[in-house]
Amino acid sequence: MKKLLIALSVSAAAMTATVANAADYVIDTKGAHASINFKVKHLGYSWLTGRFNSFEGDFEWDKAKPADSEIEVTIDVASIDSNHAERDKHLRSKDFLYVDEYPTATFKSTGYKATGEGKGELTGEFTLRGVTKTLTFPVSQLGEGKDPWGGYRTGFTGTTQIMLGDFNMDGYLGNVPVELELNVEGIRK
Amino acid sequence: MMKNTQTGYGLVAILLHWIMVLAIFGMFGLGLYMVELTYYDSWYHGSLETHKAIGVLVALVFVVRFGWRQLNPSPAGLSTKKLENTAAHFAHLGLYLVIAVLLVSGYLISTADGRAVDVFGLFSVPATLTERGSQEEIAGEVHEILAWLLMAMVAVHALAALKHHVINKDNTLKRMLKPGL
């Protein structure tokens with residue numbers, strides 16, 4: 001009986017290990033080793049940059065099986081910060097993000113295609129202001145390994161572009177492109 | 001002539017009252033107008049800069065006015081009913097309060113990110129509270145609601161003055177136009 005129990009627990013442990021093989025990482029928003037930035041051209045003359053200060057998410061990554069990679073990020077849209085209170089207030093209004101109606105934006109990956117060492121193409125559903133669009137954009141891994149405090153981390157970066165019109169935000173500035181940059185560092189759970 | 005008496009207002013109080021009337025209507029109109037301007041209108045930035053600068057000046061006038069009010073006798077209400085006079089007194093205090101909060105809330109929107117309010121290039125008012133993210137939103141809501149509330153209160157205030165003038169035929173309206181009545 002005792003042997004059976006041991007066998008069961010060993011196999012259970014083995015199963016858990018298999019399931020957790022594509023390692024789960026939580027995005028280190030707590031330590032702010034992650035950021036979601038945007039930039040948009042001001043009148044076509046210069047870059048205006050800003051960020052979303054509050055978001056959370058996690059991802060799965062196994063360097064042996066990159067195709068199994070997944071990521072899910074939820075953004076608190078009202079946390080937009082372009083370093084200008086009056087502008088941020090306007091960006092939160094109905095003219096742009098309409099945060100009263102659509103407080104969160106999400107990105108859920110649907111596929112990952114490795115294109116090289118630590119490089120890949122990420123596809124996923126991006127929902128913003130109630131509109132969901134499929135985005136595909138290149139991402140790259142910056143590094144992976146132990147941290148000095150007993151954890152294990154890896155980080156990625158990726159940039160994509162959306163049009164204001166795709167998310168019903170073109171009424172004010174016109175249908176101009178906005179670049180979105182995602183920098184994430186995950187801590188293995 | 002300059003100072004209030006027990007029965008009438010002095011010139012200073014009358015002028016300060018009517019300056020505030022002009023400022024309140026002007027700022028309400030400018031406020032409604034400027035939020036409708038689009039990004040590519042030439043006065044998009046100018047209208048807001050002007051609104052903020054005038055707001056600071058109105059705040060200064062408000063402080064002077066309130067100070068002057070404390071230094072002067074308050075002319076007694078002209079109604080024969082004590083309750084009406086008391087109601088008028090609190091209505092006036094209510095107007096002061098709403099204007100004060102309106103001024104402060106406007107200032108808090110513009111300074112939420114730590115930027116000062118520039119007053120026509122003459123001087124600027126530095127930020128104090130800078131709770132970015134929520135401050136400009138809450139202050140913005142308060143500012144908008146109070147602007148409309150103030151307009152409603154102003155309407156009641158003006159109607160009450162007209163009522164005194166037309167129905168009661170007393171000096172309530174006249175003494176705000178002519179010093180020493």
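Here the structure is a predicted model, which is why all the values come from computation and not from measurement. (Residues numbered from 1 in each chain as written. Chains lettered and ligands numbered in written order. Predicted model: local features only at pLDDT ≥ 70, side-chain atom pairs only at ≥ 80, totals over all residues. Heavy atoms only, no water.)

Turning our attention to helix H3 (residues 82–110) of chain B. For H3(B), spanning 29 residues, the distance from its first C-alpha to its last is 43 Å, which sits close to the expected 42 Å at 1.5 Å a residue. Where H3(B) is concerned, the buried positions are B:Gly94, B:Leu95, B:Tyr96, B:Val98, B:Ile99, B:Leu102, B:Ser105, B:Gly106, B:Tyr107, B:Leu108, B:Ile109 and B:Ser110. (Helix = DSSP H or I, 4+ residues; strand = E, 2+ residues; numbered from the N terminus. Expected span 1.5 Å × (residues − 1). Buried < 20%, exposed > 50% of the residue type's maximum accessible area, 1.4 Å probe, protein only.)

Moving on to the interface of chain A and chain B. Contacts between chain A and chain B engage 13 residues on the former and 17 residues on the latter. The contact between chain A and chain B buries some 1,300 Å² in all, and 47% of this surface belongs to carbon and sulfur atoms. Our enumeration of links across chain A and chain B arrives at four salt bridges. Between B:Lys52 and A:Glu86 there is a salt bridge whose closest N-O contact spans 3.2 Å. Remark: the boundary between chain A and chain B carries 10 residue pairs in polar contact (both at pLDDT 80 or more). The element contributing the most residues to the side of chain A that touches chain B is helix H2 (residues 85–92) of chain A, with six residues. (Contact = heavy atoms within 4.5 Å. Buried area = accessible area lost by both parts, 1.4 Å probe. Salt bridge = Lys/Arg side-chain N within 4 Å of Asp/Glu carboxyl O. Polar contact = N/O pair within 3.5 Å; in protein donor to acceptor, adjacent residues only side chain to side chain.)

On to the environment of A:Ala23. Residue placement: A:Ala23 occurs in strand E1 (residues 23–27). Apart from residues lying up to four places away in sequence, A:Ala23 is in contact with A:Phe59, A:Glu60, A:Trp61 and A:Arg188.

Attention now moves to the layout of surface pockets. Residues and elements named next belong to chain B. Estimated volume of the second largest pocket: approximately 1,400 Å³. In terms of lining residues, the second largest pocket is bounded by 45 residues, among which Tyr9, Ala88, His92, Leu95 and His157 are the most central. For the lining of the second largest pocket, the secondary-structure elements that each account for two or more residues are helix H1 (11–34), helix H2 (44–71), H3 and helix H4 (135–168). No other element matches H4, which puts 11 residues into the lining of the second largest pocket. Looking at the lining of the second largest pocket residue by residue, the class counts come to 29 nonpolar, 11 polar and five charged. (1 Å grid on protein atoms, 1.4 Å probe; cavity = no way out; pocket = protein on both sides within 12 Å on 5 of 7 lines; lining within 4 Å. Points joined across faces, edges and corners; volume = space filled by probe spheres on them. Nonpolar A, V, L, I, M, F, W, Y, C, P; charged D, E, K, R; others polar.)

Read these as spatial facts, not as claims about activity.
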